[in-house]
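One letter stands for each residue in the lines below.
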Amino acid sequence: MSSRVTFGKLEDTLVSLGFEATTGKGGQRIYQHAPTDGLIVLPRHSRDDVVSPAHIAAVKRTLTELDLADPIDFFASLKGG
């Protein structure tokens, strides 16, 4: 996987999986998936900022636990494939 995944691409991927994005009081981005009560919180960022590998791993783990995405498909969507 490319080490240059942007928050914009990650957000687009989460929205395509049914998450709704809101902004918290501190500026963090909160992604909620109503059907599963899934929740992902990421730090304040711009769409062009690069996502850290730790945040990508945390999102992947959450999606896997919620049975929302296969890890291979998730990484492919981040790469644009």
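Further up the page is the structure itself.
Residues numbered from 1 in each chain as written. Predicted model: local features only at pLDDT ≥ 70, side-chain atom pairs only at ≥ 80, totals over all residues. Heavy atoms only, no water.

A.B. asks: What exactly am I supposed to notice about helix 1 (residues 7–16) here?
C.D. replies: Within the sequence span of helix 1, burial applies to F7, G8, L10, E11, T13 and L14. Residues of helix 1 that are buried sit in contact with strand 1 (20–23), strand 2 (29–33), strand 3 (38–42), helix 2 (53–65) and helix 3 (71–78). Note on helix 1: the residue one or two positions beyond its end, G18, has a positive phi of about 100°. (Buried < 20%, exposed > 50% of the residue type's maximum accessible area, 1.4 Å probe, protein only. Helix = DSSP H or I, 4+ residues; strand = E, 2+ residues; numbered from the N terminus. Contact = heavy atoms within 4.5 Å.)

A.B. asks: What is the right way to look at the nonpolar core in this model?
C.D. replies: A general tendency of soluble globular proteins is for nonpolar side chains to be buried together. One finds L10, L14, I40, L42, V59, L63 and F74 to be the most contacted residues of the largest nonpolar core, which totals 15 residues. Looking at this core, the elements that each hand over two or more residues are helix 1, strand 3, helix 2 and helix 3. In this structure, I40 is in contact with L14, F19, R29, I30, Y31, V59, T62 and L63, ignoring residues within four places of it in sequence. (Core = buried A, V, L, I, M, F, W, Y, C linked by side-chain atoms within 4.5 Å.)

A.B. asks: I tried to follow the pairing of strand 1 on my own but got confused; where do I start?
C.D. replies: Remark: a regular strand shows side chains that alternate across the two faces of the sheet. With four bridges joining them, strand 1 and strand 2 adopt antiparallel strand pairing. Residue T23 lies in a different strand from strand 2, and its bridge partner there is R29. Between strand 1 and strand 2, which follow one another and run antiparallel, lie five residues, and G27 among them has a positive phi close to 95°. (Pairing = 2+ DSSP bridges.)

A.B. asks: How do you make sense of the pattern of salt bridges when you look at a structure like this?
C.D. replies: Should the charged atoms of two oppositely charged side chains come close, the side chains can pair. Enumeration according to the criterion identifies three salt bridges in this entry. We note a salt bridge from E11 to R29, for which the minimum N-O separation is 3.2 Å. Placement of E11 in helix 1 and of R29 in strand 2 is noted, with a sequence separation of 18 residues between them. Both residues of the pair, E11 and R29, count as buried. Taking the relative accessible area as the measure of exposure, E11 reaches 15% and is therefore buried. If you follow the salt bridges from partner to partner, you end up with E11, D12, R29 and R47 in one network. (Salt bridge = Lys/Arg side-chain N within 4 Å of Asp/Glu carboxyl O.)

A.B. asks: Please explain the packing of helix 1 against helix 3 as it appears in this structure.
C.D. replies: Contact pair helix 1 / helix 3: the axes reach a minimum separation of 9 Å and the direction vectors enclose 130°. What the angle tells us is that helix 1 and helix 3 run oblique. Crossing angle aside, the handedness with which helix 1 passes helix 3 is right-handed. Of the residues in helix 3, those in contact with K9, L10 and T13 of helix 1 are F74, S77 and L78. A class-by-class count of the residues in the contact of helix 1 with helix 3 yields three nonpolar, two polar and one charged. (Axes fitted to C-alpha atoms, helices over the stretch in contact; angles between N-to-C directions. Parallel < 35°, antiparallel > 145°, perpendicular 65-115°, else oblique. Left-handed = near helix turned anticlockwise from the far one by under 90°. Nonpolar A, V, L, I, M, F, W, Y, C, P; charged D, E, K, R; others polar.)

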